[in-house]
Amino acid sequence: MHATLPLLRQTDFPALRRRPLETLQVNLGYRCNQSCLHCHVNAGPNRTEMMDADTLALVREVLVARRIRTLDLTGGAPELNEGFRALVADARALGVHVIDRCNLTILFEPGHEGLAEFLAEQQVEVVASMPCYSVKNVDQQRGSGVFDKSIAALQKLNALGYAQPGSSLVLKLVYNPQGPALPPPQEALEADYRRELFEHFGVRFDQLYTLANMPIQRFGSTLVSKGQFQGYMQLLKDSYSRANLEGVMCRNLVSVDWQGDLYDCDFNQQLGLPLPAAGAALRRTVGGERPHVLPVAGARPHLRDLLARALDDDPIAVADHCYGCTAGQGSSCGGALKAA
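Residues numbered from 1 in each chain as written. Predicted model: local features only at pLDDT ≥ 70, side-chain atom pairs only at ≥ 80, totals over all residues. Heavy atoms only, no water.

Side note on the overall build of the protein
Selection criterion: Put simply, DSSP marks the helices as runs of H or I at least four residues long and the strands as runs of E at least two long, and each gets a number from the N terminus on. A 1.4 Å probe rolled over the protein chains alone gives each residue an accessible area, and that area as a share of the maximum for its type sets the label: buried under 20%, exposed over 50%, partly exposed in between. Pairs of residues are marked as contacts when any of their non-hydrogen atoms sit within 4.5 Å. To be clear on the numbers: accessible area is Shrake-Rupley with a 1.4 Å probe, and residue cover counts the displayed protein chains and nothing else.
Across its full length, the protein carries eleven helices and ten strands. Expressed as a percentage of the 340 residues in the protein, the buried residues total 57%. Contacts in the protein between residues far apart in sequence, at least 24 positions, make up 75% of those at least 6 positions apart. For the protein, the accessible surface area stands at approximately 13800 Å², while carbon and sulfur atoms represent 49% of it.

Quick notes on the packing of aromatic side chains
Our working definition: For Phe, Tyr and Trp, rings pair up if their centres lie within 6.5 Å, where Trp contributes its six-membered ring, and each pair is then called stacked (planes under 30 degrees apart), edge-to-face (over 60) or tilted (otherwise). Charge-over-ring placement is defined geometrically: NZ (Lys) or CZ (Arg) within 6 Å of the ring centre, and within 35 degrees of the ring normal.
Per the stated rule, a full pass over the model turns up six aromatic pairs. Their ring planes at 90 degrees and their centres at 5.0 Å tell us that F13 and Y323 sit as a pair that is edge-to-face. Separated by 310 residues along the polypeptide, F13 in the loop between α1 (5-8) and β1 (23-27) and Y323 in helix α11 (residues 323-326) bring together distant segments of the chain. Like Y323, F13 is buried. Measuring from centroid to centroid gives 6.5 Å for Y193 and F205, while their planes differ by 80 degrees, and the two rings are edge-to-face. Within this pair, whereas Y193 is found in helix α7 (residues 186-201), its partner F205 is found in the loop between α7 and β6 (207-210), the two being separated by twelve residues in sequence. Each member of the pair, Y193 as well as F205, is classed as buried. A network of ring pairs unites the aromatic residues F13, Y240 and Y323 as a single cluster. Positioned over the ring face of F118 is R85, at 5.3 Å from the centre of the ring. Across from the ring centre of F205, 4.6 Å away, lies the NZ or CZ of R194, which sits over that ring.

So, the sheet that holds strand β7 (residues 253-256)
This is how the line gets drawn: One bridge is not enough; two strands pair if DSSP finds at least two bridges between them.
Read from one edge of the open sheet, eight strands run β6-β5-β4-β3-β2-β1-β7-β8, paired in mixed fashion. In this open sheet, the two edge strands, each paired with only one partner strand, are β6 and β8 (262-263). Two elements, strand β5 (residues 171-175) and β6, share four bridges in a ladder whose sense is parallel. The residue bridging K172 from the neighbouring strand is Q207, located in β6.

Here we look at helix α6 (residues 146-159)
Residues spaced three or four apart along an α-helix face the same direction, because each turn holds 3.6 residues. Quick note on the threshold: How far a helix is expected to stretch is found by multiplying one less than its residue total by 1.5 Å. Within this analysis, the arc is defined by the directions that extend from the helix axis to the C-beta atoms.
Look at α6: 20 Å from first C-alpha to last across 14 residues, which is about the 20 Å you get at 1.5 Å a residue. Along α6, the residues classified as buried are V146, F147, S150, I151, A153, L154, L157 and N158. When α6 is viewed along its axis, its buried side chains cluster within an angular range of 160 degrees and face the same direction. More than 90 degrees from the buried face of α6, the exposed residues found are D148 and A159.

So, the pattern of salt bridges
Let me state the cut-off plainly: By convention in these notes, a salt bridge is any Lys or Arg side-chain nitrogen within 4 Å of a carboxyl oxygen on Asp or Glu.
Counted according to the given criterion, the structure contains 14 salt bridges. The shortest N-O distance in the salt bridge between E49 and R47 comes to 2.9 Å. With a shortest N-O distance of 2.9 Å, D72 and R101 are connected by a salt bridge. Residue D72 is found in strand β2 (residues 70-74), and its partner R101 is found in strand β3 (residues 97-102); the two are separated by 29 residues along the sequence. For D72, a relative accessible area of 2% translates into the label buried. A network of salt bridges, in which partner residues are shared, links D192, R195 and E196.

Comments concerning helix α8 (residues 217-225)
Within α8, burial applies to Q217, R218, F219, G220, S221 and L223. On its buried side, α8 packs onto α9 (229-238) and α10 (266-271). Phi turns positive one or two residues past the end of α8, at G227, with a value near 70 degrees.

Observations regarding the pairing of β1
Remark: a regular strand shows side chains that alternate across the two faces of the sheet. β1 sits mainly inside the fold: five of its five residues count as buried. Inspection of the sheet shows β1 paired to β7 by four bridges, in the parallel sense. Residue Q25 lies in a different strand from β7, and its bridge partner there is S255.

Details of the side chain of N268
Topologically, N268 is positioned in helix α10. What makes N268 buried here is its relative accessible area of 1%. If near-sequence neighbours (up to four positions away) are discounted, N268 is found in contact with Y263, L273, A317 and H321.

What to know about the pairing of β2
Our working definition: Whether a crossover is right-handed comes down to one check: with the strands pointing away from the viewer, does the path from the first strand over the helix to the second run clockwise; if it does, it is right-handed.
For β2, a buried count of five out of five residues is recorded, marking the element as mostly surrounded by other parts of the structure. Judged from the five bridges that link them, β1 and β2 form a sheet pairing that is parallel. Bridging across to β2, L24 finds its partner in L71. At this point the chain moves from β2, through helix α3 (residues 84-93), to the parallel β3, and the crossover so formed is right-handed.

The values reported here are purely geometric and, on their own, carry no functional implication.
Rendered as structure tokens:
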């Protein structure tokens, strides 16, 4: 796989600082029952990295210590971690809103019987990857047979009350483009999804998120192999909107990897750009213009550090991939950042 960080380090992206922490996004492990082309985590069935019990316990402590409002669980397939259900139940008992970033097909994996029912009982918000409403495009991106299983999973969630009128069970879908292109306007695509999925399969959902593909890991390496990396980066930069800086997820979210190390976002996690250590941030000027912050070599802020201090007004580590979150309508874990 081609390394993309060396192509992204030199940047003129604006410096950013944090706001009060609201969301703890925790990657429970890189193992997944799928291997998707666009996956910025490079997750798959052969990955072995999984968060252990001690770190899971630390997640619970941090939720209390920092009074976190939202626990956002991701992977790989987060449900493959043996401690997934206990963590969800503990967080919900604390009154924390829990999001499960689900690939849908996991609901039918052996050993996960009753998973959909558990999510409904715990009032977990499900954010499900669904890259298209056509079988050809989904199976091309995620593997043969994935579309049919995904539809069956959505129907199962609907039957449990998800996305039904008057229900508090929230179901959101996620769209990623097939290749090096920006997503279409979120509102228009959401209307297409609603029409196609309901007319053909009777499927309902609450909202569609459109996310730009990040030029890192598996997708970034594919761009390099095809000679498309620089062209895609230029597209992201040409489509940059300063207005999107206000809503980028790194302002009030911290990403936690399977070992408990902290990052400004899931993308920095996959690039190995840790959260700048408190009082140890390295400022540098690129091209004699703006100050930028990169982590000091060897510094690895950890979950346990959040027990002692908040992150308010800390610097954020940026590189050229940050243009992916600010291009066009913008792209975050909560979908587009502005209307078309």
